[in-house]
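Chain and residue survey
Now for the letters of each chain:
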Amino acid sequence: MYTYKTEILTVGTKWISDKADASDIAVLDRLINEKAADGWELVTYDYMATSMQIKGAFVITFRKQQS
């Protein structure tokens, strides 16, 4: 059985495009690697743009085997 944990990772402000950029991906990679070091496995992630297209976020779900 697994324990699941979902996090929201807000990305930088966007003025021209609501798409994630290289710095956003670097922050996402850092979070994934930190969680992996603590025993969490990435299950899924999605990028959500806001309706105003200024700031978006990643929704990331991890899982860990229960001990």
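Just so it is clear, the structure is predicted and the values come from calculations on it, not from any experiment.

Cut-offs used in this document
- Residues numbered from 1 in each chain as written.
- Predicted model: local features only at pLDDT ≥ 70, side-chain atom pairs only at ≥ 80, totals over all residues.
- Heavy atoms only, no water.
- Helix = DSSP H or I, 4+ residues; strand = E, 2+ residues; numbered from the N terminus.
- Buried < 20%, exposed > 50% of the residue type's maximum accessible area, 1.4 Å probe, protein only.
- Polar contact = N/O pair within 3.5 Å; in protein donor to acceptor, adjacent residues only side chain to side chain.
- Contact = heavy atoms within 4.5 Å.
- Patch = residues over 30% accessible without salt bridge, like charges linked within 9 Å, V, L, I, M, F, W, Y side chains within 5 Å.
- Areas by Shrake-Rupley, 256 points an atom, 1.4 Å probe, with all protein chains shown as cover.
- Salt bridge = Lys/Arg side-chain N within 4 Å of Asp/Glu carboxyl O.
- Phe/Tyr/Trp six-rings, centres within 6.5 Å; stacked < 30°, edge-to-face > 60°.
- Lys NZ or Arg CZ within 6 Å of the ring centre and 35° of its normal.
- Expected span 1.5 Å × (residues − 1).
- Arc of directions from axis to C-beta.
- Core = buried A, V, L, I, M, F, W, Y, C linked by side-chain atoms within 4.5 Å.

Now for the side chain of Glu 7. Within the element layout of this structure, Glu 7 appears in strand S1 (residues 2-13). Overall, Glu 7 belongs to the buried group, its relative accessible area being 18%. At a separation of 2.9 Å, a polar atom in the side chain of Glu 7 contacts the side chain of Lys 35. In contact with Glu 7, not counting residues within four places along its chain, are Leu 31, Lys 35, Phe 58, Val 59 and Ile 60.

With that out of the way, let us pick up a nonpolar patch on the surface. Residues Tyr 2, Tyr 4 and Val 43 make up a contiguous nonpolar surface patch of roughly 280 Å² in combined accessible area. The class for Val 43 is partly exposed, based on a relative accessible area of 41%.

This part is about the packing of aromatic side chains. Under the counting rule described, the total for this entry stands at 3 aromatic pairs. Grouped by ring-pair contacts, the aromatic residues Tyr 45, Tyr 47 and Phe 58 constitute a single cluster. It is Arg 63 that lies over the ring of Tyr 2; its NZ or CZ is 3.9 Å from the centre.

What follows concerns helix H1 (residues 22-37). Here H1 spans 23 Å end to end across 16 residues, near enough to the 22 Å set by a 1.5 Å rise per residue. For H1, the complete set of buried residues consists of Asp 24, Leu 28, Leu 31, Ile 32 and Lys 35. Take H1 and look down its axis: the buried residues cluster within an arc of 100°, on one side only. Turned more than 90 degrees away from the buried face of H1 sit Ala 22, Asn 33 and Ala 37, all of them exposed. One or two residues past the end of H1 sits Gly 39, with phi positive at roughly 95°.

Moving on to the nonpolar core. Judged by nonpolar contacts, Leu 9, Val 11, Leu 28, Leu 31, Ile 32, Trp 40, Phe 58, Ile 60 and Phe 62 together constitute the single largest core of 9 residues. Sorting the residues of this core by element identifies S1, H1 and strand S3 (55-65) as the ones contributing at least two each. Ignoring any residue separated from it by four or fewer positions in sequence, one finds Ile 32 in contact with Leu 42 and Phe 62.

A few words on the environment of Arg 63. Within the secondary structure layout, Arg 63 lies in strand S3. The contacts of Arg 63, once residues within four sequence positions are left out, are Tyr 2, Thr 3, Tyr 4, Gly 39, Trp 40, Glu 41 and Val 43.

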